[in-house]
Amino acid sequence: MSNNEKLATHWTLLSQMLPPLGIILYFRHRNSFPKKAKQALRSALIGIPVGFAVNYLFFKFILK
């Protein structure tokens, strides 16, 4: 993948930690850079269940 077609690592991590940001990045890049858009959306979709799991574990075991 060329540098133009790959989403920067910090944007990938941010879109995984903040899924709405990944969705915004998807709509921003979907026409001009479809591979970037797909990577941002995929990262956001991974971040949603990870966030639920971390939230569950935090409240179940740490905040008993």
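Residues numbered from 1 in each chain as written. Predicted model: local features only at pLDDT ≥ 70, side-chain atom pairs only at ≥ 80, totals over all residues. Heavy atoms only, no water.

## A closer look at the packing of aromatic side chains
Summed over all chains, the structure comprises 2 aromatic pairs. The interplanar angle of 70 degrees and the centroid separation of 5.1 Å between the aromatic rings of Tyr-26 and Phe-27 together place this pair among those described as edge-to-face. Residue class for Tyr-26 comes out partly exposed when judged on its relative accessible area of 24%. When the centroid spacing of 5.4 Å and the interplanar angle of 85 degrees are considered together, the rings of Phe-58 and Phe-59 count as edge-to-face. Among the residues examined, Phe-58 registers a relative accessible area of 37% and is labelled partly exposed. Here the guanidinium or amino end of Lys-36 rests over the ring plane of Phe-33, the centre of that ring lying 4.4 Å away. (Phe/Tyr/Trp six-rings, centres within 6.5 Å; stacked < 30°, edge-to-face > 60°. Buried < 20%, exposed > 50% of the residue type's maximum accessible area, 1.4 Å probe, protein only. Lys NZ or Arg CZ within 6 Å of the ring centre and 35° of its normal.)

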